[in-house]
Amino acid sequence: MNVENFILGLDGQQKAVVSFLHQRLTNHHDLIPKIRFKIPMYYRKSWVCYLNPIKNNGIELAFLNGVSLSNEQGLLNCKGRKMVCGIDLYDVSNIPEKPIDEIVQEALILDELGKTKR
């Protein structure tokens, strides 16, 4: 399965949100997508983030080393996890593009430098 097939299998806002984020992550940030653990994951040197369907027809944009990020935007929620932090999104019209781009850029800098908490 590829990411496009994953997107086609979704409905409504989940489909719209994943499609939007997938295009943003691959075209704007040059991340490489791959289906892992049945969800789209994105990487450069290492795995940077993934898109995970959540309850209430939402999508979580999750960062594998989210605890290493500054979270200056105040959007990341670790939900009790030790490494992963993410942002729950429910509607394309409510996606905070600029803050998310800033978070992705910070994650990519850490990925490039190999500076993550393990």
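A brief report on the enclosed structure follows. (Residues numbered from 1 in each chain as written. Predicted model: local features only at pLDDT ≥ 70, side-chain atom pairs only at ≥ 80, totals over all residues. Heavy atoms only, no water.)

## Points about the overall build of the chain
Point 1. Helix and strand content of the chain: three helices and five strands.
Point 2. N-terminal to C-terminal, the α/β element order of the chain is α-α-β-β-β-β-β-α.
Point 3. Computed over its C-alpha atoms, the radius of gyration of the chain comes to 13 Å, within 12% of the 13 Å expected for a compact globule of 118 residues.
Point 4. Here the C-alpha coordinates of the chain stretch approximately 35 × 25 × 25 Å along the principal axes.
Point 5. Here the chain holds 118 residues, and the buried ones make up 41% of them.
Point 6. Taking all contacts inside the chain whose residues are at least 6 apart in sequence as the whole, residues at least 24 apart take part in 50%.
Point 7. By element, 51% of the accessible surface of the chain is carried by carbon and sulfur atoms, the whole surface being about 6600 Å².
Point 8. Each charge class in the chain can be summarised by its mean position, and for the 15 positive and 13 negative side chains these summaries are 9 Å apart. (Helix = DSSP H or I, 4+ residues; strand = E, 2+ residues; numbered from the N terminus. Rg over C-alpha atoms; globule rule 2.2 N^0.38 Å. Buried < 20%, exposed > 50% of the residue type's maximum accessible area, 1.4 Å probe, protein only. Contact = heavy atoms within 4.5 Å. Areas by Shrake-Rupley, 256 points an atom, 1.4 Å probe, with all protein chains shown as cover. Lys, Arg positive; Asp, Glu negative; His and termini not counted. Charge placed at Lys NZ, Arg CZ, Asp CG, Glu CD.)

## A few points about unusual backbone geometry
Point 1. Phi at lysine 38 is positive, roughly 70 degrees, even though this residue is not glycine.
Point 2. With a relative accessible area of 72%, lysine 38 lands in the exposed category.
Point 3. Residue asparagine 71 is not a glycine yet carries a positive backbone phi of 55 degrees.
Point 4. Secondary-structure assignment places asparagine 71 in the loop between β4 (58-63) and β5 (85-89).
Point 5. For asparagine 71, a relative accessible area of 25% corresponds to the partly exposed category.

## Structural notes on the sheet that holds β5
Point 1. With antiparallel pairing, the five strands of this open sheet are ordered in space as β1-β2-β3-β4-β5. Of all the strands in the sheet, just β1 (32-36) and β5 have a single pairing partner and so form its edges. Sheet twist, expressed as the average angle between the axes of neighbouring strands with direction ignored, equals 25 degrees.
Point 2. In terms of strand pairing, β4 meets β5 through five bridges, oriented antiparallel. Counterpart to glutamate 60 in the pairing with β5 is aspartate 88.
Point 3. Those strands touched by helix α2 (residues 12-28) are β1, β2 (39-43), β3 (47-54), β4 and β5, and its axis lies near 170 degrees from that of β3.
Point 4. Contacting β3, β4 and β5, helix α3 (residues 97-113) crosses the sheet at an angle of about 35 degrees to β4. (Pairing = 2+ DSSP bridges. Axes fitted to C-alpha atoms, helices over the stretch in contact; angles between N-to-C directions.)

## A closer look at the state of the cysteines
Joining two cysteines, a disulfide is a covalent bond between their sulfur atoms.
Point 1. All told, the structure shown has one disulfide when counted by the stated rule.
Point 2. One disulfide in the model links cysteine 78 with cysteine 85; its S-S distance is 1.8 Å. Its torsion about the S-S bond being 55 degrees, the disulfide of cysteine 78 and cysteine 85 is classed as right-handed.
Point 3. In this structure cysteine 49 is a free cysteine whose sulfur lies 13 Å from that of cysteine 85, the closest cysteine sulfur available.
Point 4. With relative accessibility at 0%, the residue cysteine 49 sits in the buried group. (Disulfide = S-S within 2.5 Å.)

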